[in-house]
Amino acid sequence: MKKQKQEILSTLIDDELTNNKEILDNLISNEEMKDTWARFHLIGDCLRGNLPKKIDRNFSSNLKKIIANEPSLFFPNKNYKLVKEPIIGFAIAASVAIFAVLGIQRADISPIETTASTVHMKKEIVDSKLDTFSFPDNYVAPANVEEINEYDFLSNQRLNNYLINHSQYRNDLKMNTVLPYARIVNIETED
Amino acid sequence: MNHRVLHFIFLLILLNSKFVTSNELYPDPNNLIDEMSSATIDLNYDGIFIYRHDNKMDTMRIIHKKNMNGDVSERLISLSDNEREIIRKKNTVKYLFPDKKIILVEEDSSKQLIPTHIPSQIKKITNFYRFEIAGNSRVAGLDAWIINIKPIDKYRYGYQLWIDKQSKLLLKSKLKNYQGMTLEDVMFVQMQVMSDINDSLLEPSISTEGFKQIYHVNDKVKVPSQKNHKKKWTTSWMPVGFSMSKYSKNPISTNSAPVEHYIYSDGLATISIFVEKIIHTNINNTSPKITSFGGVNTYSKQTDGHQITAVGEVPKTTVKLIANSVKASN
Amino acid sequence: MAENITDNEIIDRVKNGDKNAYDLLVLKYQQRVVNLISRFVKNHSDALDVSQETFIKAYRALPNFRGDSAFYTWLYRIAVNTAKNHLTVQSRRFTKSDYDVSEIEQIDGNMSLTEQTTPENLLIRDELQETVLKCIENLPEDLKSAIMLREIDGLSYEEIAVVMNCPVGTVRSRIFRARETIDSKIKPLLEN
């Protein structure tokens, strides 16, 4: 039962629940669940390199005491918008603009096909979150974070060849001349 | 009433003056990127940088020279572990692998067809990335502007660039995923811009006696055009803004099976699609696979008797979705 | 779109007088806020004070939160302003400071040079990070991939299901099992 609740909590954290009400009621009144909620979020912050150098175990409990002395809010009107719809509208407009500009822009490169099929446009649009991209710190992905299968990769001559070729063409685009070759220098070869 | 008007005017002046100062302080990021891409090609320089990826760190030296006739020569030397070198002169690229006693020589007659600098590129990029000056800092003892390049969606990565205020050379760069986590970074610890570079610096320091030379002349690369090219393979999905910029057949020197190489770009990120016919000996593993190398992800799968591999400095989802959408066209 | 629905639901409750619900937002965002503020305010205990002030200000200002942006974006702005105010007050107090706020803003988080003594209630990040990473490395491949795609690549369950070629229900349980395993390792550290 506890496990089941925790799994629902995990789903709630990922914003993948259709009905939040019951689990939220539960969560607010149950200290143990709250702790789990905090730790599950802590795991995410840790993986994304969002942790401060020192973590104060008492931060939230101290704050809770202060908030307890604050007056309760009473603004029951839901005055926030459910953001999904307006963003879709905005993004459609933005995409149309992008296509319009591209039509003129691409005079120098004649494309073989027009990309970005309209079938997938809706998905693309929902994912266009302009304001959430951030550069929090200089955390470099530790090994395995990006699902590296090093053995497979290094021993795979074909993939290495692909990578060399890919890097060369990237180099042709002249946006960044050093990095693509840096990758090549590091590629393992087979006899 | 008067008081409010005055207040408003005062506010306007204040805002305006702030705007002017910030304009003076901060250059236009688009111009800066443009200047950077020409400086990278046009200047003579010798620098040492650290390349970090997947928990590994490599130190490399780059020597770059633009000759009087406009040709570019470059030499990249690995200073850590393997003594590897890559030397590029005009259209010839030599890869020296002393540990394997191999020199791979690639000649590409089409390289001269490719313009060295495309000013319109930057305009295209701004449709899919947002550019902003994030501040300034010092790298390798030089003052640098920091530029954030943020993607418009989750299908591409972002960049953070440190550009030398004086020479406009790139001093540091970070490839970032959507959450802002660094996937790989390059940082110069030493950078010298020079009026001229002695040609001896562009010769290999390793003796190549007894090395096996593998030659490969690649003359089939072309900029595609709708008329003369009938593509055998099509993709039904690509992130917005990626268009096919090149196509080549048999680009790979050491492969026996025929390979087709499609190259897509949104102006900043590049995605390659390789289509290789499966001959029973060349491919053993049949299950789809994702692999990563720093910021480059690859996804391989089999379809219609061919191995399809998407490679790019884009998130795993992007390479996977693209590879899965590749089909033989009728 | 992630985070918005649950956050808005919680905010709604706080606005309806449920102060306990605010706790959830604090627990969720505390690390990010302290980390952000630490980039401006180098002294750790000052950074904690400023973070606390941020959450109090946010609570008081919550009636003005309209959901036009994500809650964290809104909180981020409050945090940055609070930190900048703190620095301004500081620089007035100590004759002349050569801090340039715009410059500090881009400095990476873990650049603090002064190491302070660690009281009982402080847990060092590196210790936690090491535990988490070690645990992740030992996870079965499918659990590892699922949690990484979610937490690092920020993919939705549906997208992960496509990438991993499995049903959405499996994604949900893999992510949970990964979290549960890591949780069992970090719990003792946090309770110390």
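Every value quoted in this text rests on a predicted model; they were computed, and no experiment measured them.

Draft legend 1. Expanded view of the overall build of chain A. Across its full length, chain A carries nine helices and one strand. In chain A, the order of α-helices and β-strands from amino to carboxyl end is α-α-α-β-α-α-α-α-α-α. Per-residue burial over chain A gives 41% buried out of 191 residues. Once local pairs closer than 6 in sequence are excluded, the contacts in chain A between residues at least 24 apart make up 48%.

Draft legend 2. Structural detail: the overall build of chain C. Along its length, chain C carries nine helices and one strand. Secondary structure of chain C in N-to-C order comes out as α-α-α-α-α-β-α-α-α-α. A separation of at least 24 residues holds for 60% of the contacts in chain C among residues at least 6 apart in sequence.

Draft legend 3. Here's a closer look at the interface of chain C and chain A. Taken together, the contact pairs 78 residues of chain C with 64 residues of chain A. Within the residue set of the side of chain C that touches chain A, elements represented by two or more residues are helix H1 (4–15), helix H2 (19–38), helix H3 (44–61), strand E1 (122–124), helix H6 (125–137), helix H7 (141–151) and helix H9 (168–191) of chain C. Take the side of chain C that touches chain A: its biggest share by element is 15 residues, from H2 of chain C. When its residues are assigned to classes, the side of chain C that touches chain A shows 34 nonpolar, 23 polar and 21 charged.

Draft legend 4. Broad picture of unusual backbone geometry. Of note, Asp15 of chain A is a non-glycine position whose phi angle comes to about 60 degrees, a positive value. Position of Asp15 of chain A relative to the elements: it lies in the loop between helix H1 (2–13) and helix H2 (21–29). At Asn165 of chain C, a residue that is not glycine, the phi angle is positive and equals roughly 55 degrees. Among the secondary structure elements, Asn165 of chain C is positioned in the loop between helix H8 (157–164) and H9. A count of 11 C-beta atoms within 10 Å places Asn165 of chain C in the exposed class.

Draft legend 5. Representation of the pairing of strand E7 (residues 129–139) of chain B in the model. All names here are of chain B. Where E7 and strand E8 (residues 142–151) come together, 10 bridges link them in antiparallel fashion. The residue bridging Asn136 from the neighbouring strand is Trp145, located in E8. Counting the residues that bridge the hairpin from E7 to E8 gives two residues, and of these Ala140 lies at a positive phi of roughly 50 degrees.

Draft legend 6. Molecular detail of the nonpolar core. Ile163, Ile273 and Ile322 of chain B together with Ile37 of chain C are the most contacted members of the largest nonpolar core, which has 140 residues in total. Broken down by element, this core gets its largest block of residues, 11 residues, from H2 of chain C. If sequence neighbours within four positions are ignored, Ile273 of chain B has contacts with Thr235, Tyr262, Ile308, Ala310, Ile322 and Val326 of chain B.

Draft legend 7. Seen up close, the sheet that holds strand E19 (residues 306–312) of chain B. Residues and elements named next belong to chain B. Across the sheet, six strands lie side by side as E14-E15-E16-E19-E18-E17; this open sheet has antiparallel pairing. The open sheet has two edge strands with one neighbour each: strand E14 (243–249) and strand E17 (289–293). Across the sheet, the axes of successive neighbouring strands diverge by a mean angle of 15 degrees, strand direction being ignored. Where strand E15 (residues 259–265) and strand E16 (residues 270–277) come together, seven bridges link them in antiparallel fashion.

Draft legend 8. Local environment of helix H4 (residues 59–68) of chain A. What H4 of chain A keeps buried is the set Phe59, Ser60, Leu63 and Ile67 of chain A. Along the long axis of H4 of chain A, the arc covered by the buried residues comes to 80 degrees, so they all point the same way. Among the exposed residues of H4 of chain A, those oriented more than 90 degrees off its buried face are Ser61, Lys65 and Ala68 of chain A. Contact partners of the buried residues in H4 of chain A: strand E1 (54–56) of chain A together with H2 and H3 of chain C.

Draft legend 9. Focus on the pairing of E15 of chain B. Residues and elements named next belong to chain B. With six of its seven residues buried, E15 lies for the most part within the structure. Here six bridges tie E14 to E15, and the two strands are oriented antiparallel to one another. Each residue of the ladder has a partner; that of Lys249, found in E15, is Glu260. Between E15 and the antiparallel strand that follows it, E16, lie four residues; Gly267 among them carries a positive phi value of about 105 degrees.

Draft legend 10. The arrangement of the packing of H1 of chain A against H9 of chain C in detail. Put simply, H1 of chain A and H9 of chain C touch, their axes get as near as 9 Å, and they point 105 degrees apart. Judged on the interaxial angle alone, H9 of chain C and H1 of chain A are roughly perpendicular. Contacts from Gln6, Glu7, Ser10 and Thr11 of chain A of H1 of chain A reach H9 of chain C at Arg172, Ser173, Ile175, Phe176, Arg179 and Glu180 of chain C. Tallied by class, the residues present in the contact of H1 of chain A with H9 of chain C amount to two nonpolar, four polar and four charged.

Draft legend 11. Inspection of the packing of helix H3 (residues 31–47) of chain A against H9 of chain C at higher detail. It is at 10 Å that the axes of H3 of chain A and H9 of chain C come closest, and there the two elements cross at 105 degrees. In terms of orientation, H3 of chain A and H9 of chain C fall into the roughly perpendicular class. Each of Thr36, Arg39, Phe40 and Ile43 of chain A in H3 of chain A lies in contact with H9 of chain C, whose residues at this interface are Arg179, Ile182, Asp183, Ile186, Lys187 and Leu190 of chain C. For the contact of H3 of chain A with H9 of chain C, the residue count by class is five nonpolar, one polar and four charged.

Draft legend 12. Just the confidence of the model for chain A, in detail. All names here are of chain A. The predicted model of chain A has a mean per-residue pLDDT of 58, with 40% of residues at 70 or higher. Across chain A, H3 holds the top mean pLDDT of 95, while helix H5 (residues 84–105) sits lowest at 23. This stretch, residues 77–155, has a pLDDT under 50; its non-local contacts, to residues over four places away or in other chains, come to 125 contacts. Across residues 187–191, confidence stays below pLDDT 50; counting only partners more than four residues off in sequence or on other chains, it has 11 contacts.

Draft legend 13. Inspection of the confidence of the model for chain C at higher detail. All names here are of chain C. Within chain C, residue pLDDT values average 82, and 83% of them lie at 70 or more. Here helix H5 (residues 101–106) is the element of chain C with the lowest mean pLDDT, 36, and H2 is the one with the highest, 95. Low pLDDT, under 50, characterises residues 95–117; the predicted model gives this stretch 32 contacts beyond four residues in sequence or across chains. Taken together, the chains of this predicted complex give a pTM of 0.48 and an interface ipTM of 0.86.

Rules used in this analysis
Residues numbered from 1 in each chain as written. Chains lettered and ligands numbered in written order. Predicted model: local features only at pLDDT ≥ 70, side-chain atom pairs only at ≥ 80, totals over all residues. Helix = DSSP H or I, 4+ residues; strand = E, 2+ residues; numbered from the N terminus. Buried ≥ 20, exposed ≤ 12 C-beta atoms within 10 Å, placed from the backbone. Contact = placed C-beta atoms within 7 Å. Nonpolar A, V, L, I, M, F, W, Y, C, P; charged D, E, K, R; others polar. Pairing = 2+ DSSP bridges. Core = buried A, V, L, I, M, F, W, Y, C linked by C-beta atoms within 7 Å. Axes fitted to C-alpha atoms, helices over the stretch in contact; angles between N-to-C directions. Arc of directions from axis to C-beta. Parallel < 35°, antiparallel > 145°, perpendicular 65-115°, else oblique. pLDDT = per-residue confidence, 0-100.

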